[in-house]
Amino acid sequence: MASMGSFHDGVAESCVDYFHRFRRATHVTPKSYLSFINSYKTVYGQKYKEIGDLATRMNTGLDKLVEASASVAELSVELAQKEKELAVASAKAEEVLQEVTKKAAAAEKVKAQVQTVKDKAQAIYDSIMKDKTEAEGKLLAAKPALEEAERALQTIKPTDISTVRKLGKPPHLIMRIMDCVLILFRRRLDSVTADPERPCPKPSWGESLKFMMAGGMLQALLDYPKDNINEEMVEMLTPYIDMEDFNVETAKKVCGNVAGLCSWTKAMAFFFTINKEVLPLKDNLAVQEKKLQAANADLETAQAQLDAKQRELDVVKAQYDAAMAEKQELVENANRCRRKMEAASALINGLGGEKERWTQQSKEFEAQIRRLVGDVLLSSAFLSYSGPFNQEYRSMLSKNWSKEMKTRKIPFTADLNLIDMLTDPATIGEWNLQGLPNDELSIQNGIIVTSATRFPLLIDPQGQGKVWIKNREGGKELQLTSLNHKYFRNHLEDSLSLGRALLIEDIGEELDPALDNVLEKNFIKTGSTFKVKVGDKEVDIMTGFVLYITTKLANPVYTPEVSAQCAIIDFTVTMKGLEEQLLGRVIGKEKAELETERTKLMEDVTANKRTMKQLEDNLLYRLTSTQGSLVDDESLITVLSDTKRTAEEVSQKLTIAAETSQKIDAAREEFRPVATRGSILYFLIVEMSLVNCMYQTSLRQFLGLFDLSMEKSTKSPITTKRIHNIIDFLTYEVFKYAARGLYEEHKFLFTLLLTLKIDLQAGRVKHEEFATLIKGGASLDLNAVQPKPCKWVLDITWLNLVELSKLPHFREILNQVTNSEKQWKQWFDKEAPEEEIIPDGYNQAVDTFRRLLLIRSWCPDRTLSQARKYICESMGEVFAEGVILDIEKMFDESDCRTPLICLLSMGSDPTSNIEAIAKRKQIDCKAISMGQGQEVHARRLLQQQTSQGGWTMLQNCHLSLLFLTEVIDLINDQENIHPDFRLWMTTEIHPQFPITLLQMGIKYTNEPPTGIKPSLKRTYVGISQDLLEVSNMPQWKPMLYAVGFLHTTVQERRKFGPLGWNIKYEFTDSDRMCALENLRIYCEDGNIPWDALTFIAGEITYGGRVTDAWDQRCLRSILRRFFAPVTLDESYKYSDSGIYFAPGSEYLKDYKQFTEGLPIIDEPEIFGMHENANITFQSNETMTLISTILEVQPRLASTGGGKTSDEVVFELADSILGKLLDKLEIDEAKSDMFEPDSKGRMNSLTTVLLQEVDRFNKLLAVIKSSLKNLQKAIKGLVVMSEQLEMIYNSFLNNQVPEEWANAAYPSLKPLGSWVKDLVLRVVFIDTWIRQGPPKSFWLSGFFFPQGFLTGSLQNHARKYNQPIDRLSFHFHIKDTYRNQEEVTKSMSVLKFGEELEEDKEFEGPTDGVMVHGLFLDAARWDDEQNCLEDATPGEMNPILPMTHMEPKMDFEPPEDDYTCPLYKTSLRAGTLSTTGHSTNFVIAFHVPSHRSNDYWIAKASALLCQVNE
């Protein structure tokens, strides 16, 4: 139990480590531990019984073999005795046989006599049967009439007779009918007299009444003896019957039910006509029967004589049979004895080889049972805990468990193979045939699915686990359902009560509560059955019920409760598993007969292995189940013979199969490079889903591309050439397919990763080189490495070089930089170092990739440029050019069940393009914008279009996520969808967007192209010659080009981040079209009203989107470059380079040709920006690229000598706690700071100080509290809450925890720099408290610098009694620089009462305040000219000198001064306040300048309180 507890705790630690490395959340809970214990008991019981049974059977078999050997000698003696007894019995049997022969002859004579008598009797019998048959045939003709008469009689009731009897004057017909009845019964009739009414004798009604009154008349009629009718009676009836009204119909009218008598009398007369012919036959029959009786009497006498003779014969025969039986028994005993001897010998000889193996196996079974306690511990731990982990961690857990058992001296099998322990090869072969990949991880997953004590939950993004389950359970009435299926509850209840398998597909991160009792197996026993509560209903559970759950989420985050309820199994396809599948597909296409043979071979091998096992099991079973001696069981020898024969055949087949398999594998291996490339490509696509949750591609889609590549790639009879063709086609096809669905910012990332992964697999790039590329030296400590040789080398550059020096190609790089500093400095200062010759021979010594490593280490901003060269050289230029979206081609790839999904971004709405294509194809295209309440309309539209064949466009689908489930069901389940139907969808990024839909559809992005040239090309694609000639005014054509260039400029500025626009605005083509329309209207009047045009564009067309006041200023400045009279001059250029201008031409083709000649790479000057902006942009792009690659890579495990994550975080927390004050003590402030002025008002700056102290103390309290709780959580003293977990992760990522950031001032610094900055701020405030206001205030150190500036103005207003709303600052920039870090160091060594050396140089200002600590962005301060100047290339954020901010009333700054905004951070953007400014904005400085404001506005020059580092 102690080991089990250790196992559990070890897995809990591994869960944390697994999350840190792979960002996959796994959990173990007390329920997991209980499940572990239950699994142990179950598996131990099964294995103990299994091994025990095998051992018992083998031991019994061995005992039986020993017994058989001892029986051989005994049987030989017994056989000799049996043969003597057999000779005596044979003689006795011969004597009895002679007597039997004599008696048999006498009996045969009597038998002949009896036969003669018997033949005579048979002849008489045959004659009787002939007459009888003839009579019956004739009587059959009268049968219908008799039956009808009988039915008629049955209709007559006694009451009917009574009624007739009571009639005073009955109808004449009734009286006549009764006369007929009297005649048939031979009753007395009156004397014959003519009837006055009818031509017949007068009826004897009086006699009829007597007959009816006698009683029993009806029964008499039914029992009437028909054979007594004679011809006289019939002659008397004839006159009555022949009368016209003597029929049933008339009788019914007159007599009612008594009419049946009419039918009866007629039937009797008819019967007589038949019967008179039959009566002679009946008489003859009676005579013949008397003869037959006499013949039978003679036969009985003869038979008695025969029986007597037979009895005599039987006695003799019995004696003979007894003698023969005795003889036969002796023969059989002798044969049996002989067979036993032969069987025993055959058994001993046949099992001679098995005996030795069984003896050894029996000993091994005993050892296995001794080791079973440890082996089962390992296997049950594997079943209980390994499911959510990948192969690496499963192996690591097994090793850790083995170490634990060794430590505790628990016996177990060394190098135990868990797969062999928990299953057998035949079962694995069946699984493979059912679709389970044959890699080790998949087989382990199959074992957990089938053997775990909890129901399985498969993390199955590729759907392979689901396919396997469907095939495995396909013949067992598997029920498929999903949590959102309308009949989900019914499916669950039916599966439980009918004992069927249930598969719940594609769940999210939560389960239906109705499943809780089922998953936890809270079953209620009722009699001999079990029930379970599903919701509020109890449902029977039948044997055979099994539950499977699958999810398509690649990395779901399940709660600990779900982890405890289910056996979570990571079924994500492995590279090896996918490679084998792809290899099968390649061979299936290229060598179909080979793959068919291989599949057949797998089936045969699986069947043969199972046959071998069954034969051995059957043999052992027969050996152990035989009662008594083995030599008594002759069938065992047959079984042994069949077993040996079959075993030899199977063994031979397996040998042949192994040889064939080697040949097939050799042939298949030729095509493995195709499968390997396919596997690399697929896993790269999967990896991209970590970059953006919308980049989901199903394995089915990829396999479609894979198959297409084999179909469309160039054929070749040469195998190597064919393989090369497939790989090239496949790579580019997948590249196009994947890139089409990526945002522009991720396309280059994808291409670079594609190149790197292909080269990694080929061995052209080493893994350590790849790690150096993406990580650099960021993890190194500058104080722990070789000191850098010169100051101009940046710290991070030196750390990168230190890391680079660990690679073989760059071992001497550090010494070379030290020795050749000048050459390296010259190379580093080049505008494009990647194009220059690298010092110290590296130009020739390294290839393009190693050159990339060098550039990445030295010049991050040039990394992308070198990366493009690397891609071109390794993959080809076609991969570096990107992919142009072709919507029509994409449409051709789709079908009616494949949605086309556009991933939206700024200015990327494809609606107009899709509608244009639909119009061209004459297809009905209807769009609906999704949102609240739109589902009803969308549902109706889909039903209409799926039946009629139109296009449906669902826009902004992220606003109706629940409805998308219906869309999926409609596409999958609706039977009749018109083939022309297409579903177009647009959506923004949303983490809850259904993965199933993304994996079903074709994804694409429609972002505007990046760059001046591509953007202008796209613009002129939509411009026709007619539009160019829409106006005759000469201003129209150049202004048309100017509008296009303006639109491109405002769009392209976005790539520079805050330097381009404070806020990233969505400028679309509709803005450009609107601007063109305004321009056309104004051109119609002949003269362009420039002010109006600028106002409309700056405040409405484009300006309507711009919300930040400083961005509005920038937009107006840009407009002045394009909307001004000077722009119409032929010599006017849009930038100083002179490259960009409006070509003067009348023809559209000339504009397109001119645009085609523009540079591919845009220099910052076209936007009016400094080259440093490009460096910033490229550096940011590089860092974003590298950080994204790093983010999707698994984190490296800590080495044995390294610190654990807990140790790193704990020490970091300890370090931060040691650096910070507990709180700022305002009580220790100098008393004069609180002295009121003459009017009783406290100094406004003291109020600012109090507010700052309060803010900092709140922040310090949050930090201190969270750090202490974090340390307690690491020690296990408190629970690691979600908030503490976030702080923990932030520390590992060198990020400021969100909880701290929310309580702090704006900052973009990483954690280390942020803490350092916080310490400086706290010390600054603390020094102010203890020593009074400083001569120069560190403006950047304030929580709320705006408050400080307002306090300064308020002090001045009070001092001079001036209205504060008329005060503003006059900025006097000094020639002195001050660094707050140096000030803090100097203050730390000052004695009480001493003054800083820096403060001695100047007196504090009389009015206003002196501030320092500000940085310039996109400019620098020229100390010589005392004005603003262009920044030095490479120097990003130079420091601004100390500045005197002097309040002045109604101050008007000089017109030449640049109004320079001051921001807290370089992000610039923030929440817009009521003033129109961002909350990130502090104040507008007025800085002297020799250049125009527009010059600096275009560069986005500004001041910052802090830089990012």
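Rules used throughout
Residues numbered from 1 in each chain as written. Predicted model: local features only at pLDDT ≥ 70, side-chain atom pairs only at ≥ 80, totals over all residues. Heavy atoms only, no water. Helix = DSSP H or I, 4+ residues; strand = E, 2+ residues; numbered from the N terminus. Buried < 20%, exposed > 50% of the residue type's maximum accessible area, 1.4 Å probe, protein only. Contact = heavy atoms within 4.5 Å. Areas by Shrake-Rupley, 256 points an atom, 1.4 Å probe, with all protein chains shown as cover. Patch = residues over 30% accessible without salt bridge, like charges linked within 9 Å, V, L, I, M, F, W, Y side chains within 5 Å. Salt bridge = Lys/Arg side-chain N within 4 Å of Asp/Glu carboxyl O. Lys, Arg positive; Asp, Glu negative; His and termini not counted. Charge placed at Lys NZ, Arg CZ, Asp CG, Glu CD. Core = buried A, V, L, I, M, F, W, Y, C linked by side-chain atoms within 4.5 Å. Pairing = 2+ DSSP bridges. Axes fitted to C-alpha atoms, helices over the stretch in contact; angles between N-to-C directions. Expected span 1.5 Å × (residues − 1). Right-handed = clockwise from strand over helix to strand, strands pointing away. Parallel < 35°, antiparallel > 145°, perpendicular 65-115°, else oblique. Left-handed = near helix turned anticlockwise from the far one by under 90°. Nonpolar A, V, L, I, M, F, W, Y, C, P; charged D, E, K, R; others polar. pLDDT = per-residue confidence, 0-100.

(A) Molecular detail of the overall build of the protein chain. Assigned secondary structure in the protein chain consists of 55 helices and 23 strands. Out of the 1509 residues belonging to the protein chain, those deemed buried represent 49%. Partitioning the intrachain contacts of the protein chain with sequence separation of at least 6 by distance along the chain shows that 77% fall at a separation of at least 24. For the protein chain, the exposed area adds up to about 73000 Å²; of that, 52% sits on carbon and sulfur atoms.

(B) Highlighting a negative patch on the surface. On the surface, D9, E13, D1206 and E1207 cluster together into a patch of negative charge. As for its placement among the helices and strands, E1207 is situated in helix α47 (residues 1205–1219).

(C) Expanded view of the nonpolar core. Within the largest apolar cluster, 121 residues are counted, with the highest numbers of intra-cluster contacts made by F1123, F1291, W1300, W1314, F1348 and F1485. The greatest single-element share of this core, amounting to twelve residues, is contributed by helix α48 (residues 1244–1275). Residues L583, F702, L754 and F810 belong to the second largest nonpolar core, which totals 113 residues.

(D) Focus on the sheet that holds strand β2 (residues 479–482). Taken in spatial order, the five strands make up an open sheet running β2-β3-β7-β1-β8, and their pairing is parallel. The sheet terminates laterally at β2 and β8 (567–570), the two strands that pair on one side only. Sheet twist, expressed as the average angle between the axes of neighbouring strands with direction ignored, equals 25°. Note: strand β1 (residues 456–459) against strand β7 (residues 546–551), three bridges, orientation parallel. Looking at β7, one finds that L458 is bridged to T550. Sheet strands in contact with helix α14 (residues 440–451) are β1, β7 and β8, and its direction is about 165° off that of β8.

(E) Expanded view of α48. Spanning 32 residues, α48 covers 47 Å between terminal C-alpha atoms, matching the ideal 46 Å at 1.5 Å per step. G1276 occupies a position one or two residues after α48 and carries a positive phi of about 85°.

(F) Representation of the pairing of β2 in the model. In this sheet, strand β3 (residues 501–505) lies alongside β2 in parallel orientation, the contact comprising four bridges. Looking at β3, one finds that S482 is bridged to E505. Between the parallel pair β2 and β3, the chain is carried across by helix α16 (residues 488–498), and the sense of this crossover is right-handed.

(G) The sheet that holds strand β13 (residues 1002–1005), seen in detail. Taken together, five strands build an open sheet; the order of strands is β10-β11-β12-β9-β13 and the sheet is parallel. Two strands lie at the open edges of the sheet, namely β10 (925–929) and β13, each paired on one side alone. When strand polarity is set aside, the average angle formed by the axes of neighbouring strands in this sheet is 20°. As paired strands, β10 and strand β11 (residues 951–955) are joined by five bridges and run parallel to one another. Within β11, the residue paired with A927 across the bridge is M953. Contacts from helix α35 (residues 911–921) reach β10, β11, β12 (982–987) and β13, with the element oriented near 175° to β11.

(H) Summary view of the packing of helix α42 (residues 1069–1083) against helix α43 (residues 1090–1101). At a closest axis distance of 11 Å, the pairing of α42 and α43 adopts a crossing angle of 160°. Regarding the angle of α42 to α43, the classification is roughly antiparallel. When you trace α42 past α43, the crossing you get is right-handed. Along the contact surface, α42 presents D1071, C1074, A1075, N1078, L1079 and Y1082, while α43 presents A1092, L1093, I1096 and T1101. For the contact of α42 with α43, the class distribution of residues is seven nonpolar, two polar and one charged.

(I) Geometry of the confidence of the model for the protein chain. Here the protein chain averages 84 in pLDDT, while 88% of its residues score no lower than 70. When mean pLDDT is compared element by element in the protein chain, strand β23 (residues 1502–1504) scores highest at 96, while helix α9 (residues 260–350) scores lowest at 70. Per-residue pLDDT stays below 50 along residues 1197–1201; that stretch engages in two contacts with residues further than four places along the chain or on separate chains.

(J) Main features of the environment of D1136. With respect to the helices and strands, the residue D1136 is situated in the loop between α44 (1109–1122) and α45 (1148–1156). When its relative accessible area of 80% is taken as the criterion, D1136 is described as exposed. In the structure, D1136 is positioned 32 residues away from G1168 in sequence and 8.7 Å away in space, judged by C-alpha atoms.

(K) A look at the pattern of salt bridges. On inspection of all chains with the given rule, the structure shows 58 salt bridges. Linking D245 and R176 is a salt bridge whose minimum nitrogen-to-oxygen distance equals 2.5 Å. One end of the pair, D245, is in the loop between α7 (231–242) and α8 (248–255); the other, R176, is in helix α4 (residues 172–184), with 69 residues separating them in the sequence. Its relative accessible area of 0% is what places R176 among the buried residues. One salt bridge connects E477 with R500, and the closest N-O pair in it is separated by 3.4 Å. In this pair, E477 is assigned in the loop between α15 (464–473) and β2 and R500 in the loop between α16 and β3, connecting sequence segments 23 residues apart. A residue is classified by how much of its surface remains accessible, and R500, at 25% relative accessible area, is partly exposed. Salt bridges sharing common partners tie together K576, E579, E580, E669 and R672.

(L) Layout of the side chain of N692. Note that N692 resides in the loop between α22 (672–691) and α23 (699–712). Residues in contact with N692, not counting those within four places in the same chain, are Y743, H746 and I989.

(M) Spatial organisation of the environment of K591. Relative to the helices and strands, K591 resides in the loop between α19 (575–590) and α20 (592–625). Remark: the alpha-carbon pair of K591 and R668, spanning 77 residues in sequence, is separated by 8.6 Å. The residues contacting K591, other than those within four sequence positions of it, are V586 and F671.

(N) A look at the side chain of K1264. The residue K1264 is located in helix α48 in this model. Among residues more than four places away in sequence, those in contact with K1264 are L1217, L1220, L1221 and D1222.

(O) Main features of the packing of α48 against helix α52 (residues 1345–1360). Following both chains from N to C, one finds α48 and α52 inclined at 160°, their axes separated by 8 Å at the closest point. On the basis of their axis angle, the class for α48 and α52 is roughly antiparallel. Seen from above, α48 lies across α52 with right-handed handedness. Listed contacts from α52 to S1244, L1245 and V1248 of α48 are G1347, F1348, G1351, S1352, Q1354, N1355 and R1358. Here the contact of α48 with α52 is built from residues that sort into three nonpolar, six polar and one charged.

(P) Region of interest: the environment of D179. Here D179 shows up in helix α4. Through-space distance from the C-alpha of D179 to that of E207 is 8.5 Å; in sequence the pair is 28 residues apart. Every residue in contact with D179, bar those within four places of it in the chain, is listed here: L189, K202, P203, S204, S208 and Y240.

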